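Breakdown of the fold
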Amino acid sequence: MAHFLFFLLAIICIASVLGMIISKDQAYTALFLIVAFVCMGGLFGLLEAPFIAAVQIIIYAGAIMILFIFVVMMINLRKGVGPEKKKWTMYFAVVIAAVLVVELVLTLKGTLEPISSAALESLGSPTDLGRLLFTKYLYPFEITSILIIAALVGAIVLVKKRDKE
Amino acid sequence: MIPLNYFLVLSIILFALGAIAFFVKRDLITQFMAIEIMFNAANLAFLAFAKSAGSLDGQIIVFFVITVAAAEAAVGLAIILLIFRQKKTIKSEDIKLMKG
């Protein structure tokens, strides 16, 4: 059952990312990305991280992608960005991605073997996560709140229309 | 029980697809979305390793990554909106002010 769920979610995730690469319309691109993020949330749930899965769906698929869709609507390109004229960028991108894959596989190869047998008891209940967040990681948590305030103020200041005096 | 290296392989594939999307697409918004895909691939690897190590620290890091990504999306989209207002384009190849 878990295997079936994993392969279903993985295939939908990869297919929607491919759809995002192929589609021309920015709104469809954003919608494909939402599907990919929701599937990713399911995968996080399979990894016994229920809280992170909920956060993924609420913040990524909800908040961040709504922000993207708002900006797509505000920019509103009539005919979208045309297809790639230069063909060589496509090949270049594929070559770079292939090199990246080889590099990552070589890096992770040492770690792939011992991991596969790990079968641990349940971890990652929201209670434990919250306790860890407010004891060991208290300072990073507080710094994050300052970061969020700074980003909020920065975004408002950047986009605000200045009065012409 | 799913072997954890399945998750790592999926993470590698998604990261590579995000890189391809970044290079193939030509508007700033879609390139920004490609960066978000790469973030998510990294998060998946973090969670897989957290599970194999049996510790919660990886999940905390993923939590912080998601938070920082939200802040980054707000500021980045504001900058894209400013670029569009000033230059009337969001094609990345038209923005070459520093090219000389």
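Residues numbered from 1 in each chain as written. Chains lettered and ligands numbered in written order. Predicted model: local features only at pLDDT ≥ 70, side-chain atom pairs only at ≥ 80, totals over all residues. Heavy atoms only, no water.

1. Overview of the overall build of chain A
Counting its regular elements, chain A contains six helices and zero strands. Order of helices (α) and strands (β) in chain A, N terminus to C terminus: α-α-α-α-α-α. Buried residues in chain A amount to 32% of all 165 residues. Look at the contacts in chain A between residues 6 or more apart in sequence, and 56% of them connect residues 24 or more apart. Here chain A displays about 10500 Å² of accessible surface, and carbon together with sulfur accounts for 74% of that area. (Helix = DSSP H or I, 4+ residues; strand = E, 2+ residues; numbered from the N terminus. Buried < 20%, exposed > 50% of the residue type's maximum accessible area, 1.4 Å probe, protein only. Contact = heavy atoms within 4.5 Å. Areas by Shrake-Rupley, 256 points an atom, 1.4 Å probe, with all protein chains shown as cover.)

2. Brief notes about the nonpolar core
Ranked by size, the top nonpolar core spans 70 residues in total, and within it Phe7 and Ile29 of chain B carry the most contacts. Elements represented by at least two residues in this core include exactly α1 (2-22), α2 (26-46), α3 (50-75), α4 (88-115) and α5 (126-135) of chain A together with α1 (4-24), α2 (28-53) and α3 (57-87) of chain B. If near-sequence neighbours (up to four positions away) are discounted, phenylalanine 7 of chain B is found in contact with Phe6, Leu43, Leu46 and Leu47 of chain A together with Ile2, Leu44 and Ala48 of chain B. (Core = buried A, V, L, I, M, F, W, Y, C linked by side-chain atoms within 4.5 Å.)

3. Remarks on the domain arrangement of chain A
The domain architecture assigned to chain A consists of domain 1 (1-79), domain 2 (81-111) and domain 3 (125-165). One C-alpha centre belongs to domain 1 of chain A, the other to domain 3 of chain A; they are set 23 Å apart. (Domains from an automatic or database assignment.)

4. Quick notes on the environment of leucine 132 of chain A
Relative to the elements of secondary structure, leucine 132 of chain A occurs in helix α5. Once the C-alpha coordinates of leucine 132 of chain A and glutamine 26 of chain A are considered, the two residues, 106 residues apart in sequence, prove to be 40 Å apart. Not counting residues up to four positions away in its chain, the partners in contact with leucine 132 of chain A are Tyr137 of chain A together with Leu56, Asp57 and Ile60 of chain B.

5. Re the interface of chain B and chain A
Between chain B and chain A, the contact holds 70 residues from the first and 79 residues from the second. The contact between chain B and chain A buries some 7100 Å² in all, and 83% of this surface belongs to carbon and sulfur atoms. At the surface where chain B touches chain A, the tally comes to two salt bridges. Lysine 136 of chain A is the salt-bridge partner of aspartate 57 of chain B, the closest N and O atoms lying 3.3 Å from each other. Among the elements of the structure, α1, α2 and α3 of chain B are those that each provide at least two residues to the side of chain B that touches chain A. (Buried area = accessible area lost by both parts, 1.4 Å probe. Salt bridge = Lys/Arg side-chain N within 4 Å of Asp/Glu carboxyl O.)

6. Some points on the packing of α1 of chain A against α1 of chain B
Two measures define how a pair of helices packs: the angle their axes make with one another and the distance between the axes. In contact at an axis separation of 10 Å, α1 of chain A and α1 of chain B are set at 5° when each is read in the N-to-C sense. Of the possible angle classes, the one that applies to α1 of chain A and α1 of chain B is roughly parallel. Residues His3, Phe6, Phe7, Ala10, Cys13, Ile14, Val17, Leu18, Met20 and Ile21 of chain A of α1 of chain A form the contact with α1 of chain B, whose own contacting residues are Tyr6, Phe7, Leu10, Ile13, Leu14, Leu17, Ile20 and Ala21 of chain B. Classifying every residue of the contact of α1 of chain A with α1 of chain B by side-chain character gives 17 nonpolar, one polar and no charged. (Axes fitted to C-alpha atoms, helices over the stretch in contact; angles between N-to-C directions. Parallel < 35°, antiparallel > 145°, perpendicular 65-115°, else oblique. Nonpolar A, V, L, I, M, F, W, Y, C, P; charged D, E, K, R; others polar.)

7. Concerning the state of the cysteines
All names here are of chain A. Using the criterion set out here, one finds zero disulfides over all chains in the structure. The thiol of cysteine 13 is not disulfide-bonded; the next cysteine sulfur, from cysteine 39, is found 5.5 Å away. For cysteine 13, a relative accessible area of 0% gives the class buried. (Disulfide = S-S within 2.5 Å.)

8. Quick word on the pattern of salt bridges
Opposite charge on two side chains permits them to pair, given that their charged atoms come into close proximity. Enumeration according to the criterion identifies two salt bridges over all chains in this entry. Across the salt bridge formed by glutamate 48 of chain A and lysine 51 of chain B, the nearest N and O atoms sit 3.9 Å from each other. Highlighted residues: glutamate 48 of chain A in the loop between α2 and α3 and lysine 51 of chain B in helix α2, drawn from two different chains. On the accessibility criterion, glutamate 48 of chain A (23% relative accessible area) is partly exposed.

9. Topic: the environment of leucine 4 of chain B
All names here are of chain B. Residue placement: leucine 4 occurs in helix α1. We classify leucine 4 as buried; its relative accessible area is 2%. In the structure, leucine 4 is positioned 33 residues away from isoleucine 37 in sequence and 20 Å away in space, judged by C-alpha atoms.

10. As for the confidence of the model for chain B
Residues with a pLDDT of 70 or more make up 98% of chain B, whose mean pLDDT is 88. Here the prediction assigns the complex a pTM of 0.87, and the interface score ipTM is 0.90. (pLDDT = per-residue confidence, 0-100.)

11. Re α3 of chain B
Taking 1.5 Å of rise per residue, 31 residues should cover 45 Å, and α3 of chain B covers 44 Å from first to last C-alpha, within 8% of that figure. Following α3 of chain B by one or two positions, lysine 88 of chain B has its phi on the positive side, about 60°. (Expected span 1.5 Å × (residues − 1).)

12. A closer look at the side chain of glutamine 56 of chain A
By the element assignment, glutamine 56 of chain A lies in helix α3. A polar side-chain atom of glutamine 56 of chain A sits 3.3 Å from the main-chain carbonyl oxygen of phenylalanine 37 of chain A. Not counting the four nearest positions on each side in its chain, glutamine 56 of chain A is found in contact with Phe37, Met40, Gly41, Phe44 and Ala61 of chain A together with Asn40 and Ile66 of chain B. (Polar contact = N/O pair within 3.5 Å; in protein donor to acceptor, adjacent residues only side chain to side chain.)

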